[in-house]
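# Structure assessment
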Amino acid sequence: MNEAAPCRETLLQSIHPKMHLTKAFFLRVYGYEVSTSGLAVISF
C-alpha cells in the first residue's frame, strides 16, 4: 500500500486550473479512490 502513495501524490501535484481532463485522469482518480478512500474529494 505504501507504493501507491508516491503515484497518488504525483497525481495530486499534476492538478492545475487549466488542465485538460481526460478519461484516463478520471480512471486514475477512481482507481485510487477504490484503494484509498477520500482521494476523489481531495482531487475535486
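You'll find the structure just up there.
Structural notes, computed from the coordinates. (Residues numbered from 1 in each chain as written. Predicted model: local features only at pLDDT ≥ 70, side-chain atom pairs only at ≥ 80, totals over all residues. Heavy atoms only, no water.)

### Brief notes about the packing of aromatic side chains
Under the convention used in this document: Here a pair means two rings of Phe, Tyr or Trp (six-membered ring of Trp) with centres within 6.5 Å. Their orientation is stacked below 30 degrees between planes, edge-to-face above 60, and tilted elsewhere.
Counted by the stated rule, this structure contains one aromatic pair. Here Phe25 and Phe26 contribute two aromatic rings whose centre-to-centre distance is 5.7 Å and whose plane-to-plane angle is 75°, an arrangement assigned as edge-to-face.

### Digging into the environment of Arg28
To keep things clear, this is the line we draw: Helix numbering and strand numbering both begin at the N terminus, where a helix is a DSSP run of H or I of at least 4 residues and a strand a DSSP run of E of at least 2. In this scheme, a residue with accessible area under 20% of its type's maximum is buried, one over 50% is exposed, and one in between is partly exposed, where area comes from a 1.4 Å probe on protein chains only. We call two residues contacting when some pair of their heavy atoms lies within 4.5 Å.
For Arg28, the location among the structural elements is in helix 2 (residues 23-35). A relative accessible area of 40% means that Arg28 is categorised as partly exposed. For the pair formed by Arg28 and Leu11, sequence separation is 17 residues and the distance between their alpha carbons is 8.3 Å. Excluding its chain neighbours within four sequence positions, the residues that come into contact with Arg28 are Cys7 and Leu11.

### Some points on helix 2
Heads up, the rule is: Multiplying 1.5 Å by the helix residue count minus one yields the expected span of that helix. In this description, one arc is meant: the one made by directions from the helix axis to the C-beta atoms.
With 13 residues, helix 2 should reach 18 Å at 1.5 Å per residue; the first-to-last C-alpha distance of 19 Å fits that figure. Buried residues of helix 2: Phe25, Val29 and Tyr32, and no others. Projected down its long axis, helix 2 carries its buried residues within an arc of 65°, all on one side. Of the exposed residues in helix 2, the ones pointing more than 90 degrees away from its buried face are Lys23, Leu27, Tyr30 and Val34.

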